[in-house]
There are 2 protein chains.
Amino acid sequence: MLKKTDKRKVSKSTISRLFVYLREVSKLANLNIRTISSAELAERVNLGAAQIRKDLGYFGHFGVSGSGYDIKELERALKRILEKNKNCRVAIVGCGNLGTALISYGGFQKQGVEIAAAFDTDPKKIGKKYGGIPVQPLDKMPGAIKAKKITIGIITVPAQNAREAVDCLVDSGIKCILNFAPVGLMVPEDVTVKDVDLSREIETLSYFVDNNVVG
Amino acid sequence: MLKKTDKRKVSKSTISRLFVYLREVSKLANLNIRTISSAELAERVNLGAAQIRKDLGYFGHFGVSGSGYDIKELERALKRILEKNKNCRVAIVGCGNLGTALISYGGFQKQGVEIAAAFDTDPKKIGKKYGGIPVQPLDKMPGAIKAKKITIGIITVPAQNAREAVDCLVDSGIKCILNFAPVGLMVPEDVTVKDVDLSREIETLSYFVDNNVVG
DNA sequence: AATGTTTCGTGATTTATTTCACGATAAAAT
DNA sequence: ATTTTATCGTGAAATAAATCACGAAACATT
């Protein structure tokens, strides 16, 4: 059994951490550091050494006993593992502060995620450009999504407009949605919604701070 | 054993979900709906019914067999459980798009989280106001944080400035940091950092989309 | 070359979280 | 009043995730 490409066993958290490793390793590569041990890398990314080794272990043998991981090589390996999302194009729905923050964040292209379209209902915003992307009205969505082969929709509208945004995305054929609006969205069975709830993060953190149970 | 206030057993995810329940229940209360079953609530928030019942079970008995939860009552109970963060004040470090998105997001006050100060290094931004909060330079931070009794720092600066931001927060006595910069931050042992990595969320989602393993 | 040291890779163990399943309880119906 | 139905609360079971711990492999030193 040479190949360990049994994806069913690799958890979402593992994949998510691989992106962290890649980012850190790329940084180290630029500093011309040659090798790093799982323990050192672990310290840099605030995770356990065993966890790093285990995560990498799902995809192959990238380290060398006694001396650790060759940074260039590990970087290459991680890119290869994660490069599958090379052609991922996303649409932003809602060009408020959060939406434009995502559009103007430059780090996506590096990982192969391209923001290919932006939408808003506000007539004053239509036609404006953020990061080179023109803002379009919602009724242009189905066409634009098909034309640009967009596979992920990102909802960054206020809560009260989320329903409209999600319906429009679903009608445009999107099966995968990242939702920043603080509401539960009901969608057809074949559509996946991943909620990212910024206020909840802060609220939850604050709960534990006040109860002195952080750690 | 009447009180079930054994906080050690309540997980972070449970608390996080309680905020979701509260939000949904408040919405239902405004619609003048009287009661709801765990199954109905579960559907609305995309979670399991048993999970809702279990989460609530850590804090008491709020439901009625056969008819479900009284919405007003449940809302009151959830507010009481979560109100402990009533006096939570946070500082935003970095007034770019993401920082201002958080400042201008109105939902925090409802949950008792107050954005009490904002900082940035850019001289052009100093003195400006976002959502009524004036932007201050970093050297004003230690004083402002003590004066306003701020307990949480939120880092919304670009990756390359995160180090400076976190050092400044730690020097100001902050023990709890929510970090939106896509870098691992090394902090003293008694400081907690919770990372929220927006690009990673998208990247991870896109990985699973492309590999057809979403679900 | 032999010995000591470092560090990986991974099965086994532990811990955490979710889901199941069912007894108990209360409302609704007959 | 009795039966039926709905639904909670929760211990037990299942699943998922993180951590441990140790053999094996490679390097470093003498």
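Residues numbered from 1 in each chain as written. Chains lettered and ligands numbered in written order. Predicted model: local features only at pLDDT ≥ 70, side-chain atom pairs only at ≥ 80, totals over all residues. Heavy atoms only, no water.

**Focus on the protein's contact with DNA strand C**
Spelled out, the test is: Nearness of a residue to a molecule or strand requires only that one of the residue's heavy atoms be within 4 Å of it. Each polar contact in these results corresponds to two N or O atoms within 3.5 Å; when the atoms are within protein, one needs to be able to donate a hydrogen and the other to accept it, and residues that are neighboring in sequence are counted only if both atoms are side-chain atoms. Each helix is a run of H or I in the DSSP string that is no shorter than four residues. Each strand is a run of E no shorter than two, and both are numbered from the N terminus.
By nearness alone, 22 residues border DNA strand C, and S38, R53, G66 and Y69 of chain A together with S65 of chain B come closest of all. For DNA strand C, the fraction of atoms within 4 Å of the protein that belong to sugar or phosphate moieties is 66%. Within the side chain of R17 of chain B, an N or O atom sits 2.9 Å from a phosphate oxygen of DNA strand C. Taking R53 of chain B, its side chain carries an N or O atom lying 3.3 Å from a base nitrogen of DNA strand C. Elements represented by at least two residues in the surface near DNA strand C include exactly α3 (49-57), β2 (63-64) and β3 (68-70) of chain A together with α1 (12-30) and α3 (49-57) of chain B.

**A few points about the protein's contact with DNA strand D**
The following threshold applies: Throughout, the ten residues Ala, Val, Leu, Ile, Met, Phe, Trp, Tyr, Cys and Pro are labelled nonpolar, Asp, Glu, Lys and Arg are labelled charged, and all others, Gly among them, are labelled polar.
Close to DNA strand D lie 22 residues, the nearest being S38, R53, G63, G66 and Y69 of chain B. R53 of chain A places a side-chain nitrogen or oxygen 3.2 Å from a base nitrogen of DNA strand D. Here G63 of chain B contributes a backbone N or O atom positioned 2.9 Å from a phosphate oxygen of DNA strand D. Sorting the residues of the surface near DNA strand D by element identifies α3 of chain A together with α3, β2 (63-64) and β3 (68-70) of chain B as the ones contributing at least two each. For the surface near DNA strand D, the element with the most residues is α3 of chain A, which contributes 4 residues. In terms of residue class, the surface near DNA strand D is built from 5 nonpolar, 11 polar and 6 charged.

**Details of the nonpolar core**
Basically, it comes down to this: Throughout, nonpolar core names a set of buried Ala, Val, Leu, Ile, Met, Phe, Trp, Tyr and Cys residues whose side chains join them through atoms within 4.5 Å. Each residue is placed in one exposure class: buried if its accessible area under a 1.4 Å probe, protein chains only, is under 20% of its type's maximum, exposed if it is over 50%, and partly exposed if it falls in between. In what follows, residue pairs with any heavy atoms lying within 4.5 Å of each other are defined as contacts.
Ranked by size, the top nonpolar core spans 49 residues in total, and within it I154, F180 and L198 of chain A together with I154, F180 and L198 of chain B carry the most contacts. Once you skip the residues sitting within four places of it in the chain, F180 of chain A turns out to touch L98, L102, I154, I155, T156, V196 and L198 of chain A together with L198 of chain B.

**Topic: the interface of chain A and chain B**
Selection rule: As a working definition, buried area equals the accessible area (1.4 Å probe) given up by two parts on being put together, with both sides summed. When a carboxyl oxygen of Asp or Glu lies within 4 Å of a side-chain nitrogen of Lys or Arg, that pair is called a salt bridge.
Facing the 63 residues of chain A at the interface are 63 residues of chain B. Summing both sides of the interface, chain A and chain B together bury roughly 5500 Å²; the carbon and sulfur share of this comes to 67%. Three residues, I202, E203 and Y207 of chain A, lead the burial of chain A against chain B; their summed loss comes to 13% of the area buried on that side. There are 4 salt bridges connecting chain A and chain B. With a shortest N-O distance of 2.1 Å, D197 of chain A and R23 of chain B are connected by a salt bridge. The interface formed by chain A and chain B holds 11 residue pairs in polar contact (both at pLDDT 80 or more) in total. Among the elements that line the side of chain A that touches chain B, the one with the most residues is helix α9 (residues 198-210) of chain A, at 13 residues.

**A few points about the relation of the copies chain A and chain B**
Defined as follows: The superposition of copies rests on a least-squares fit of C-alpha positions from residues with pLDDT of 70 or more in both.
Under the fitted operation, chain A is carried onto chain B by 0.0 Å of movement along the axis and a turn of 180 degrees, and the coordinates agree to an RMSD of 0.1 Å. Viewed as a symmetry operation, the transformation between the two copies matches a two-fold axis. A share of 100% of interface residues in chain A that are also interface residues in chain B marks the association as one of identical surfaces.

**Observations concerning the domain arrangement of chain A**
Our working definition: These domain boundaries are the output of an automatic or database domain assignment.
When its domains are assigned, chain A resolves into domain 1 (7-82) and domain 2 (94-201). Its C-alpha centre places domain 1 of chain A at a distance of 31 Å from the equivalent point of domain 2 of chain A.

**A few points about the environment of N32 of chain B**
Mapped onto the secondary structure, N32 of chain B falls in the loop between α1 and β1 (35-36). Sequence-wise, N32 of chain B and T192 of chain B are 160 residues apart; in three dimensions their C-alpha atoms are separated by 41 Å.

**Examining the side chain of S16 of chain A**
Examined against the element boundaries, S16 of chain A turns out to sit in helix α1 (residues 12-30). The class of S16 of chain A is buried, set by a relative accessible area of 12%. Polar side-chain contacts of S16 of chain A include one of 3.0 Å to the side chain of R200 of chain B. When near neighbours in sequence (up to four residues on either side) are disregarded, S16 of chain A contacts R200 and T204 of chain B.

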